[in-house]
Amino acid sequence: MVHDWLDDCTRDGSNNERCIALKVVRELFGCTSVILSLFMIFLIWLYKKYLFFTQRLLLSLSIASLFDVMPYIIGPVKSKVGCQIQGYFMTYFDWVCLAWVCVITLNMFRLIKEDTSYESQERLFHLVVWFLPLIIAGVPFRYEDGYGRSGPWCWITSEHKALGFLIWYAPALMIVVVLTIMLIYLRIYTKQQNLNYLGYNPEQERARSRKWKEVRLLFLYPLVYIVLAVIPLIARRCKHVSIFL
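Source: prediction; values computed, not measured. (Residues numbered from 1 in each chain as written. Predicted model: local features only at pLDDT ≥ 70, side-chain atom pairs only at ≥ 80, totals over all residues. Heavy atoms only, no water.)

### Regarding the overall build of the protein chain
When its secondary structure is counted, the protein chain shows 7 helices and 2 strands. In the protein chain, the succession of helices and strands from N to C terminus is α-α-α-α-α-β-β-α-α. Within the protein chain, the fraction of its 245 residues that count as buried is 45%. In the protein chain, the share of contacts with a sequence separation of at least 24, taken over all contacts with a separation of at least 6, comes to 73%. For the protein chain, the accessible surface area stands at approximately 14,000 Å², while carbon and sulfur atoms represent 67% of it. (Helix = DSSP H or I, 4+ residues; strand = E, 2+ residues; numbered from the N terminus. Buried < 20%, exposed > 50% of the residue type's maximum accessible area, 1.4 Å probe, protein only. Contact = heavy atoms within 4.5 Å. Areas by Shrake-Rupley, 256 points an atom, 1.4 Å probe, with all protein chains shown as cover.)

### A short note on unusual backbone geometry
Its identity is not glycine, yet Lys48 carries a phi of approximately 55°, on the positive side. In this structure, Lys48 sits in the loop between α1 (17-46) and α2 (53-68). The exposure class assigned to Lys48 is partly exposed, which follows from its relative accessible area of 49%. Phi angles above zero are rare outside glycine, and Asp115 is one such case at about 60°. Position of Asp115 among the secondary structure elements: in the loop between α4 (80-114) and α5 (122-138).

### Quick word on the nonpolar core
Trp100, Met108, Ile112 and Trp168 are the most contacted members of the largest nonpolar core, which totals 51 residues. Looking at this core, the elements that each hand over two or more residues are α1, α2, α4, α5, β2 (153-156), α6 (161-196) and α7 (202-237). Apart from the residues within four sequence positions on either side, Met108 is in contact with Leu183, Leu186, Val215, Leu218, Phe219 and Pro222. (Core = buried A, V, L, I, M, F, W, Y, C linked by side-chain atoms within 4.5 Å.)

### Focus: the state of the cysteines
Using the criterion set out here, one finds 1 disulfide in the structure. Covalently, Cys83 is tied to Cys154 through a disulfide, its sulfur atoms 2.0 Å apart. Looking down the S-S bond of the Cys83 and Cys154 bridge, the torsion is -115°, so its handedness is left-handed. Of the two residues, Cys83 sits in helix α4 while Cys154 sits in strand β2, which places them 71 residues apart along the sequence. As far as burial versus exposure is concerned, Cys83 and Cys154 are alike and both buried. (Disulfide = S-S within 2.5 Å.)

### Considerations on the confidence of the model for the protein chain
Confidence along the protein chain averages 80 in pLDDT terms, with 76% of residues attaining 70 or more. Mean pLDDT across the secondary structure elements of the protein chain bottoms out at α7, with 66, and peaks at α5, with 96. Scored below 50 in pLDDT, residues 1-5 makes 15 contacts in the model with residues more than four places away or belonging to other chains. In the model, residues 238-245 has pLDDT below 50 throughout and makes 30 contacts with residues more than four positions away in sequence or in other chains. (pLDDT = per-residue confidence, 0-100.)

### As for the packing of α2 against α5
Where α2 meets α5, the closest approach of the two axes is 12 Å, and the angle between their N-to-C directions is 15°. By the angle between their axes, α2 is roughly parallel relative to α5. When the axes of α2 and α5 are compared, the crossing they make is right-handed. From α2, Phe53, Arg56, Ser60 and Ala64 reach across to α5, where they touch Glu122, His126 and Trp130. Counted by class, the contact of α2 with α5 contains 3 nonpolar, 2 polar and 2 charged residues. (Axes fitted to C-alpha atoms, helices over the stretch in contact; angles between N-to-C directions. Parallel < 35°, antiparallel > 145°, perpendicular 65-115°, else oblique. Left-handed = near helix turned anticlockwise from the far one by under 90°. Nonpolar A, V, L, I, M, F, W, Y, C, P; charged D, E, K, R; others polar.)

### Describing α5
Between its first and last C-alpha atoms α5 spans 25 Å; for 17 residues at 1.5 Å apiece the expected length is 24 Å, and the two agree. For α5, the complete set of buried residues consists of Glu122, Phe125, Val129, Pro133 and Ala137. Buried residues along α5 cover an arc of 65° about the axis, so they all sit on one side. Of the residues in α5, the exposed ones pointing more than 90 degrees away from the buried face are Arg123, Leu124, Phe131 and Ile135. (Expected span 1.5 Å × (residues − 1). Arc of directions from axis to C-beta.)

Okay, here's the thing in structure tokens:
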């Protein structure tokens, strides 16, 4: 059995160079995400963008992201119960963030293809996105020491590797792949639409301009999430598969 160097990170004050480097990356990632989330929330509040459906989706994602990265900054809680609670909320907000990215992408898909949105289903989205992850994140509590110290943070322990893949890694990777395909398709589709468009009505042209401006903004968030999600996804996966050895 190959020794997992991340086991050393479960000990506070570990001098393992790779462990220290991982902690630095974790804290840097967390601080950057907090700053960006707070900045986005401030802009939406300042310019009252929350009056628009798409901006409310972005606001929800920013709030969820703000809480999601807190464990990366705070670090693992020393008490067993505190660590389990931290691991639970880490899983919960991971799923909430991913769910909001899916909603944003689906809404963008409908906005581009059908020129309408899912605003009428907004309450349903909130119900599903905020409450379904509560159940998913609670599954590890069915197992003894399901949550606990896992490398330099609190999450699903190495004794339950299959559970970690089932609850997060496998579905998250599949969803990220699907989102990536959708974004590539939408990018190709919008480019083709722009090439084929022969507009002459001033009102239609202004409406079209507003629509594509909104779409360009929406494109950015799933793309940024996919890129940033790779860092913690791979980092925590190292606890179960030693990819650096």
